[in-house]
Amino acid sequence: TYDIVALLGVEISAIKLELVAYPNPTQEILTLKIDNYKNESLTYQLYDLQGKLWDSQSIKTSETQIDMKNLALGKYLLSIQEKEIAIKTFRIIKN
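Residues numbered from 1 in each chain as written. Predicted model: local features only at pLDDT ≥ 70, side-chain atom pairs only at ≥ 80, totals over all residues. Heavy atoms only, no water.

*Asks:* Honestly, the side chain of Asp55 in this entry has me stumped. Any pointers?
*Replies:* Within the secondary structure, Asp55 is located in strand S5 (residues 53-58). Buried and without a salt bridge, Asp55 has Lys60 as its closest oppositely charged side chain, separated by 11 Å. For Asp55, the side chain forms a polar contact with the side chain of Tyr44, separated by 2.8 Å. Setting aside residues no more than four positions away along its own chain, Asp55 makes contact with Tyr44, Gln45, Leu46 and Ile66. (Helix = DSSP H or I, 4+ residues; strand = E, 2+ residues; numbered from the N terminus. Buried < 20%, exposed > 50% of the residue type's maximum accessible area, 1.4 Å probe, protein only. Lys, Arg positive; Asp, Glu negative; His and termini not counted. Salt bridge = Lys/Arg side-chain N within 4 Å of Asp/Glu carboxyl O. Polar contact = N/O pair within 3.5 Å; in protein donor to acceptor, adjacent residues only side chain to side chain. Contact = heavy atoms within 4.5 Å.)

Structure follows, in structure tokens:
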């Protein structure tokens, strides 16, 4: 299961995105799956709850693998953005 929360920006409801981040909780690899969207201009940012940026990459395919195995146990925020506008944010648990 996962939580979707709005973070730093207005959620864009006109875009019909299907976003899934799994497995959550995760131990090593988190998969981000995006359907119903041309994702050439999407990026993701992975933050800890103190606001430290741990990873930031362009999303180039409908499924993106995010390596979390070297991160400390805890909670993280995975923000999906289009042209620097936050679309969705997932609360991710690393255990």
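Further notes follow.
*Asks:* How should I be thinking about the sheet that holds strand S2 (residues 18-22) in this particular structure?
*Replies:* The strands making up a sheet associate through backbone hydrogen bonding, with each pair oriented either parallel or antiparallel. The sheet built from 3 strands is open, its strands ordered S2-S3-S6 with antiparallel pairing. In this open sheet, the two edge strands, each paired with only one partner strand, are S2 and strand S6 (63-67). Pairs of neighbouring strands in the sheet enclose a mean axial angle of 15°, with direction left out of account. Here S2 runs beside strand S3 (residues 29-35); their pairing, made up of 5 bridges, is antiparallel. Bridged to Glu18 within S3 is Asp35. (Pairing = 2+ DSSP bridges. Axes fitted to C-alpha atoms, helices over the stretch in contact; angles between N-to-C directions.)

*Asks:* Would you explain unusual backbone geometry in this entry?
*Replies:* Phi is mostly negative for residues that are not glycine, and the peptide bonds are mostly trans. Each neighbour pair has its own omega, and for Tyr22 with Pro23 the value is -15°, a cis peptide bond. Considering the arrangement of structural elements, one finds Pro23 in the loop between S2 and S3. In this model, Glu84 sits at a positive phi of 70°, which is unusual for a non-glycine residue. Tracing the sequence through the fold places Glu84 in the loop between strand S7 (74-82) and strand S8 (85-94). Given a relative accessible area of 74%, Glu84 falls into the exposed group.

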